[in-house]
Amino acid sequence: MKQIISILGATGSIGDSTLDLVRRHPNQYEVFALSGNTQWQKLLQLCIEFQPRYVVVMDGDVALQLEQGLQAASVTTEVLVGQEGLCAVAAATEVTVVMAAIVGAAGLLSAMAAAKAGKTILLANKETLVVAGALFMDTVRENGARVLPVDSEHNAVYQVLPEALTQQGQAITQSLEDFGIQGIILTASGGPFWQRDIASMSNITPQEAVKHPNWSMGQKISVDSASMMNKGLELIEARWLFNAKPHQLSAVIHPQSVIHSMVRYQDGSVLAQLGTPDMRTPIAQCMGLGQRIESGVKPLDFMTVGQLTFAEPDLNRFPCLRLAMAALSSGGDAPCVLNAANEIAVAAFLQQKISFTDIAQVVERVLEQMDISISGDVDALLMKDAWARRVAQEILSTV
Ligand code: NAD
Ligand code: MG
């Protein structure tokens, strides 16, 4: 059966890789909708190529420019605007698969809409699980949706968990112990700074921070990888995806990014998934829906790799990881607040308004001010998110 896919965040790094796979498998996938934020020229080219039914942008002016471009190119794709447009193409009846690849909490509502509509969700947007993990997984379960993890670490874990547990992406309700699992070990490259002189960390420029040694990714996640906030967000992501308890989750630095993560079983076995670091592997593993499909990824050459090494993450060097681990343990709205404050701080760092080491300071100060009430629905969480952004903005001017 041909899959009908909506690709949310189609102009980004994950969007590029997803579309590369759609091009390689034209008989398996048909594009129903694409979305982007401001890059209307890129979207126009993609609409000419893929002729989707809908394209979604976030702003009326951008929509106007795109509409004119589509008309001039005689393409009949309809332009939708804003979160409402994203939710519509995520939940449309025709759609079977949704790639959720928007960056940040901006991807939450559309991922929720896909879950409510019972879709198969290829989830790259880890922030959905960080902000609203419990609510999102409940929605997945209640509506018979499926979640296949795109994040390379979680995709690796998914591949080495027992099939009886993962059940093709259905929400996991059983406990890991019942399957003989002791723990999940996420690997982290450590980013570009894991060995840099700590005293010089405040001088790090955005240009240095986005230059990841092994992966080519969007700017926000690249900065998160450099601060290791990314690994913290991923521990929270794993907690919800795999129904893991915080103490079952750990992270290890593995600078070669060849082992993409591991599962430790009680008999002493440790199962890992390995490969060349290229996001097309986990995306293809998801898009194959149970079958292995060709991805264009270079085969892993062990002789070139030579060595696989490991180190413990230093929480003094990476305070963002420490803060995220604390938010994972305390639960409630802490991960939502952590994420929102981090989004503001990372954007300010990229605009050279604050230093690299200020990112953790801003996040920590926002967390210190949060109240401990727990949001029961998405609206309440979005209010918490907005509160955290406001406080983070205020703190920015003081660091
Ligand atoms: P990116 O910055 O390259 O692309 C982000 C996409 O989201 C773009 O299409 C952009 O137009 C859209 N977008 C940005 N702000 C938006 C907003 N406010 N409203 C609607 N759309 C908006 O990011 P990316 O690297 O492709 O990452 C996307 C997601 O996938 C992130 O959650 C990231 O953590 C996750 N992820 C990425 C990688 C990777 O290798 N790039 C790996 C694992 C997980
Ligand atoms: Mg990852």
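Conventions used here
- Residues numbered from 1 in each chain as written.
- Chains lettered and ligands numbered in written order.
- Predicted model: local features only at pLDDT ≥ 70, side-chain atom pairs only at ≥ 80, totals over all residues.
- Heavy atoms only, no water.
- Helix = DSSP H or I, 4+ residues; strand = E, 2+ residues; numbered from the N terminus.
- Rg over C-alpha atoms; globule rule 2.2 N^0.38 Å.
- Buried < 20%, exposed > 50% of the residue type's maximum accessible area, 1.4 Å probe, protein only.
- Contact = heavy atoms within 4.5 Å.
- Areas by Shrake-Rupley, 256 points an atom, 1.4 Å probe, with all protein chains shown as cover.
- Lys, Arg positive; Asp, Glu negative; His and termini not counted.
- Charge placed at Lys NZ, Arg CZ, Asp CG, Glu CD.
- Core = buried A, V, L, I, M, F, W, Y, C linked by side-chain atoms within 4.5 Å.
- Arc of directions from axis to C-beta.
- Phe/Tyr/Trp six-rings, centres within 6.5 Å; stacked < 30°, edge-to-face > 60°.
- Pairing = 2+ DSSP bridges.
- Right-handed = clockwise from strand over helix to strand, strands pointing away.
- Donors = N, O, S within 2.8 Å, 3.2 Å for Na, K, Ca; no water.
- Disulfide = S-S within 2.5 Å.
- Near = heavy atom within 4 Å.
- Polar contact = N/O pair within 3.5 Å; in protein donor to acceptor, adjacent residues only side chain to side chain.
- Nonpolar A, V, L, I, M, F, W, Y, C, P; charged D, E, K, R; others polar.
- Domains from an automatic or database assignment.
- Axes fitted to C-alpha atoms, helices over the stretch in contact; angles between N-to-C directions.
- UniProt positions renumbered as here; feature names shortened; annotations may be inferred.

Considerations on the overall build of the chain
Turning to step 1, where the next piece is worked out: Per the secondary structure count, the chain includes 17 helices and 11 strands.
Turning to step 2, where the next piece is worked out: For 399 residues, the compact-globule estimate of 2.2 N^0.38 gives 21 Å, and the C-alpha radius of gyration of the chain, at 20 Å, lies within 12% of that figure.
Turning to step 3, where the next piece is worked out: Overall, the C-alpha framework of the chain stretches about 55 × 50 × 45 Å when taken along its three principal axes.
Turning to step 4, where the next piece is worked out: For the chain, buried positions account for 56% of its 399 residues.
Turning to step 5, where the next piece is worked out: The contacts of the chain with a sequence gap of at least 6 include a subset with a gap of at least 24, amounting to 69%.
Turning to step 6, where the next piece is worked out: If you sum the accessible surface of the chain, you get close to 16,900 Å²; carbon and sulfur atoms cover 49% of it.
Turning to step 7, where the next piece is worked out: One finds the centroid of the 27 positive side-chain charges in the chain at a distance of 3 Å from the centroid of its 39 negative side-chain charges.

Focus on the nonpolar core
Turning to step 1, where the next piece is worked out: Among the nonpolar cores identified, the biggest contains 136 residues, and Met99, Phe136, Leu338 and Phe356 are the most heavily contacted of them.
Turning to step 2, where the next piece is worked out: When residues of this core are assigned to their parent elements, the largest contribution, 11 residues, is made by helix H15 (residues 334-350).

Concerning helix H4 (residues 82-91)
Turning to step 1, where the next piece is worked out: Those residues of H4 not exposed but buried are Gly82, Gly85, Leu86, Val89 and Ala90. One side of H4 carries all its buried residues, which in axial view fall inside an arc of 130°.

Considering the packing of aromatic side chains
Turning to step 1, where the next piece is worked out: For the structure on display, the rule yields three aromatic pairs.
Turning to step 2, where the next piece is worked out: Pairing phenylalanine 349 with phenylalanine 356 gives two aromatic rings, centres 5.5 Å apart and planes at 70°, and the pair type is edge-to-face. Assigned by exposure class, phenylalanine 349 and phenylalanine 356 land together as buried.
Turning to step 3, where the next piece is worked out: Through a chain of ring-to-ring contacts, the aromatic side chains of Phe193, Phe349 and Phe356 assemble into a single cluster.

Looking at the pairing of strand E7 (residues 146-149)
Turning to step 1, where the next piece is worked out: Judged from the four bridges that link them, strand E6 (residues 120-123) and E7 form a sheet pairing that is parallel. Residue pairing across strands places isoleucine 121 opposite valine 147, the latter belonging to E7.
Turning to step 2, where the next piece is worked out: For the handedness criterion, the β-α-β arrangement of E6, helix H6 (residues 126-142) and E7 is classed as right-handed.

Here we look at the coordination of the magnesium ion (ligand 2)
Turning to step 1, where the next piece is worked out: In the first shell of the magnesium ion (ligand 2), the protein supplies Asp151 (OD), Glu153 (OE) and Glu234 (OE), at 2.1 to 2.2 Å from the metal.
Turning to step 2, where the next piece is worked out: Expressed as a motif, the donor residue spacing for the magnesium ion (ligand 2) is D-x1-E-x80-E. With a gap of 81 residues between them, glutamate 153 in helix H7 (residues 152-160) and glutamate 234 in helix H11 (residues 229-241) connect regions that are remote in the sequence. The pair glutamate 153 / glutamate 234 is uniform in exposure class, with both members buried.

Focus on the state of the cysteines
Turning to step 1, where the next piece is worked out: On inspection of all chains with the given rule, the structure shows zero disulfides.
Turning to step 2, where the next piece is worked out: For cysteine 87, which is in no disulfide, the shortest distance to another cysteine sulfur is to cysteine 336 and amounts to 17 Å.

Details of the site of ligand 1
Turning to step 1, where the next piece is worked out: Around ligand 1 lies a shell of 22 residues, among which Thr11, Ser13, Ile14, Glu127 and Gly218 are the nearest.
Turning to step 2, where the next piece is worked out: Within the contact set of ligand 1, an oxygen atom lies 3.4 Å away from a backbone nitrogen or oxygen of alanine 124.
Turning to step 3, where the next piece is worked out: Out of a free accessible area of 830 Å², ligand 1 has 86% covered by protein chains.
Turning to step 4, where the next piece is worked out: Those elements that place two or more of their residues in the shell around ligand 1 are helix H1 (13-24) and H6.
Turning to step 5, where the next piece is worked out: For the shell around ligand 1, the per-class residue count stands at 11 nonpolar, eight polar and three charged.
Turning to step 6, where the next piece is worked out: Each of two domains, domain 1 (3-150) and domain 2 (152-313), supplies a minimum of three residues to the shell around ligand 1.

Examining the side chain of histidine 254
Turning to step 1, where the next piece is worked out: Mapped onto the elements of the fold, histidine 254 is located in the loop between strand E9 (249-253) and strand E10 (259-265).
Turning to step 2, where the next piece is worked out: A polar contact of 3.0 Å, which involves the side chain of histidine 254, links it to the backbone nitrogen of isoleucine 259.
Turning to step 3, where the next piece is worked out: Here histidine 254 is in contact with Thr187, Ala188, Ser189, Ile259, Leu308, Thr309 and Phe310, once residues within four sequence places are set aside.

Things to note about the sheet that holds strand E1 (residues 3-8)
Turning to step 1, where the next piece is worked out: Pairing is parallel in the open sheet, where seven strands are placed in the order E4-E3-E2-E1-E5-E6-E7. Bordering the open sheet on either side are strand E4 (78-81) and E7, each of which pairs with just one other strand. With direction set aside, neighbouring strand axes in the sheet form an average angle of 25°.
Turning to step 2, where the next piece is worked out: Pairing between E1 and strand E5 (residues 97-100): four bridges, direction parallel. Along E5, the bridge assignment pairs isoleucine 7 with methionine 99.

Overview of the UniProt feature "binding site: 1-deoxy-D-xylulose 5-phosphate" (unreviewed entry) in the chain
Turning to step 1, where the next piece is worked out: Under the present numbering, the feature "binding site: 1-deoxy-D-xylulose 5-phosphate" (unreviewed entry) in UniProt falls on Lys126, Ser152, Glu153, Ser189, His212, Ser225, Asn230, Lys231 and Glu234.
Turning to step 2, where the next piece is worked out: When near neighbours in sequence (up to four residues on either side) are disregarded, lysine 126 contacts Asp151, Ile221, Asn230, Leu233, Glu234 and Glu237.
Turning to step 3, where the next piece is worked out: Tracing the backbone shows lysine 231 in helix H11.
Turning to step 4, where the next piece is worked out: Not counting chain neighbours up to four residues away, the residues in contact with lysine 231 comprise Glu153, Leu186, Thr187, Ala188, Ala251 and Leu321.
Turning to step 5, where the next piece is worked out: A distance of 2.8 Å separates polar atoms of two side chains, one belonging to lysine 231 and the other to glutamate 153.

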